[in-house]
Amino acid sequence: MKTNDTEGARAEQFPSQAHAIWVNHATLSPWPRETMAAVQDYASKTHLQGPLVYSEWMKMANRLREAAATLISAESARDISLLHNTTTGINTLIGGLEWRPGDNVVTLHEDFPSNTLPWLHLQGRGVEIRRVNARAADRPEMELLSSLDDRTRVLAISSVNWIDGYRLRLDELGRACRDAGIIFFVDAIQHLGALKLDVVREQVDVVCAGTHKWLLGPEGMGLFYCREAVRAHLQPAQLGWHMLQDRMAFEQPDRAIATDGRRFEPGTPNRLGQVAMLASLEVLLKAGTDEVESAILAHSGHLMTGLDAIKRVELMSDREPARRSGIVNFQVNAGQRDRVLSRLREQNVYAIARGEGIRLSPHFYQGEEVINRVLEIIEHSV
Ligand SMILES: Cc1ncc(COP(=O)(O)O)c(C=O)c1O
């Protein structure tokens, strides 16, 4: 949070806190007030003026691409596509590459199904999928890199693990992939909106993230970033009018496909979702990505110290600062997990069971008192 942001201002922006203490942003987030207002404004204008305000929405979409590019420090808004979710982004990458039998993809042994299933499906086309148990090694990045070879086309990871929040070092992976001409793909849905990401410095080629978790946005929207040099070789798997270079020239013989991120957006976009997504991104950018990240890491550190001090609780997330994210997972004695979750719920605190433990994922707008409250309830329920 910026230091001049008072608790009152945060409460004003996120009144949902008065009803529930939501420490489950790694699943879904409440919308900020601005997002609600933007959607109401869209509904009202569309109701009263209909398509007469269409040009306003086109400008809004451009601002959204700019905001998304700023969020990940991309070189240009041209590198951004506005898709439906993380999964669509992963399939856009897979569908856009020409695969040859004998190619391989290096990926994590444990990842969210969206980042394993589409890759595994490639096995039917003779592509080897190397699922590396990186976390079992002392140096997970080295373990991943040692699986790359001259037939590796893509290194595909989630930068933050969805169960315990373990964070991988992107710069190390990015550098090695760039040197070897391998596409470095990052599923950043558990990263963006909580932690900073600089696609240029960290040499990430392709990123995707849905907006309904840490980005505080709507379901059914996602950003897809693809570096220009990679995009030039990525064929659109789906085709339609909206991706034409000049999309309004319906009757022109020129059917050239856009070379920017629009080349992966085949049809009429989800305008309502875009409006909500922009408002949410603007809230985060206004708060400042440095400030958001440090507030979130402070929460994680605070939770880790507090959980460590509670007997009968075992912290499952890695304590090493470089491995921390917005997610903290802990275990309680066998059979007690449901009891702890329902005690939390009785006090209007919403966490979730993930892996063998309980996953906590507070956001930047919540104050230290929220973390203290959560710790207090846990201490009294085990
Ligand atoms: C790592 C990871 N990837 C992808 C998803 C979901 O992707 P989508 O935006 O397609 O629903 C999740 C949701 O929990 C996730 O944790």
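The structure contained in this document is the topic of the report that follows. What you see is a predicted model, and the numbers here were worked out from it, not measured in a lab.

Procedures and definitions
Per-chain numbering applies: the sequence of each chain, read as written, is numbered from 1 onward. Totals for whole chains, interfaces and linings use every residue, but because this is a predicted model, local features are given only for residues with pLDDT of at least 70 and side-chain atom pairs only at 80 or more, for both listing and counting. Only hydrogens and water are set aside; all other atoms, that is, all heavy atoms of the structure, feed into the side-chain values. By definition, two strands form a pair when at least two bridges between them are found by DSSP. Comment: elements are numbered from the N terminus, with helices defined as DSSP H or I runs of at least four residues and strands as E runs of at least two. Patches in this entry comprise residues that are over 30% relatively accessible and not in a salt bridge; like charges within 9 Å are linked, as are nonpolar side chains (Val, Leu, Ile, Met, Phe, Trp, Tyr) within 5 Å. Working definition of accessibility: Shrake-Rupley area with a 1.4 Å probe, residue cover restricted to the visible protein chains. Note on definitions: salt bridges are taken to be side-chain nitrogens of Lys or Arg within 4 Å of carboxyl oxygens of Asp or Glu. To form a nonpolar core, buried Ala, Val, Leu, Ile, Met, Phe, Trp, Tyr and Cys residues must be joined to one another through side-chain atoms within 4.5 Å. Relative accessibility thresholds used throughout: buried, under 20% of the residue-type maximum; exposed, over 50%; partly exposed, between the two (1.4 Å probe, protein chains only). With axes taken as lines fitted to C-alpha atoms, and helix axes fitted only over the stretch in contact, angles between N-to-C directions fall between 0 and 180 degrees. Between two residues, a contact is recorded if the distance between any of their heavy atoms is within 4.5 Å. A pair of aromatic rings is counted whenever rings of Phe, Tyr or Trp (Trp by its six-membered ring) have centres within 6.5 Å, and the orientation is called stacked for planes under 30 degrees apart, edge-to-face for over 60 and tilted otherwise. Working rule: Lys NZ or Arg CZ, within 6 Å of ring centre, within 35 degrees of ring normal, means a charge sits over the ring.

**Focus on the pairing of strand β13 (residues 357-360)**
With three bridges connecting them, strand β10 (residues 328-332) and β13 associate as antiparallel partners. When the sheet's bridge partners are listed, valine 328 is paired in β13 with leucine 360. Judged from the three bridges that link them, strand β12 (residues 352-354) and β13 form a sheet pairing that is antiparallel. Across the sheet, the residue bridging to arginine 354 is glycine 357, located in β13. Between the end of β12 and the start of β13, which pair antiparallel, lie two residues, with glycine 355 showing a positive phi angle near 60°.

**Details of a nonpolar patch on the surface**
On the surface, a nonpolar cluster with roughly 390 Å² of combined accessible area is contributed by Tyr54, Trp241, Met248 and Phe250. Here phenylalanine 250 shows up in the loop between α8 (228-231) and α9 (271-287).

**Section: the nonpolar core**
Grouped together as the largest cluster of nonpolar side chains are 62 residues, with contacts concentrated most on Ile72, Leu144, Leu155, Ile157, Phe184, Leu192 and Phe364. Broken down by element, this core gets its largest block of residues, seven residues, from helix α3 (residues 54-71). Residues Met304, Phe330, Ile358 and Val382 belong to the second largest nonpolar core, which totals 25 residues.

**As for the sheet that holds strand β2 (residues 80-83)**
Overall, mixed pairing links the seven strands, which are arranged β2-β8-β7-β6-β5-β3-β4 in an open sheet. The sheet is open, and its two edges are formed by β2 and β4 (128-132), each paired on a single side. Averaged over all pairs of adjacent strands, the angle between strand axes in this sheet comes to 15°, irrespective of strand direction. In terms of strand pairing, strand β7 (residues 206-210) meets strand β8 (residues 222-226) through five bridges, oriented antiparallel. Across the sheet, the residue bridging to glycine 210 is glycine 222, located in β8. Strands β2, β5 (152-158), β6 (183-187), β7 and β8 of the sheet are contacted by helix α4 (residues 86-96), whose axis makes an angle of about 155° with β7. With respect to the sheet, helix α7 (residues 170-180) is in contact with β5 and β6, its orientation differing from that of β6 by roughly 150°.

**What about the packing of aromatic side chains?**
All chains considered together, the criterion is met by eight aromatic pairs. Ring geometry for phenylalanine 14 against tyrosine 365: centres 3.6 Å apart, planes inclined by 5°, an arrangement best described as stacked. Separated by 351 residues along the polypeptide, phenylalanine 14 in the loop between α1 (7-13) and β1 (21-22) and tyrosine 365 in the loop between β13 and α12 (368-381) bring together distant segments of the chain. Measuring from ring centre to ring centre gives 5.6 Å for phenylalanine 224 and phenylalanine 264, while their planes differ by 80°; the resulting arrangement is edge-to-face. One end of the pair, phenylalanine 224, is in strand β8; the other, phenylalanine 264, is in the loop between α8 and α9, with 40 residues separating them in the sequence. Through a chain of ring-to-ring contacts, three or more aromatic side chains come together here, namely Phe14, Phe364 and Tyr365. One residue, arginine 135, lies across the ring of tyrosine 166, its end atom 3.9 Å from the ring centre. One residue, arginine 153, lies across the ring of tryptophan 99, its end atom 5.3 Å from the ring centre.

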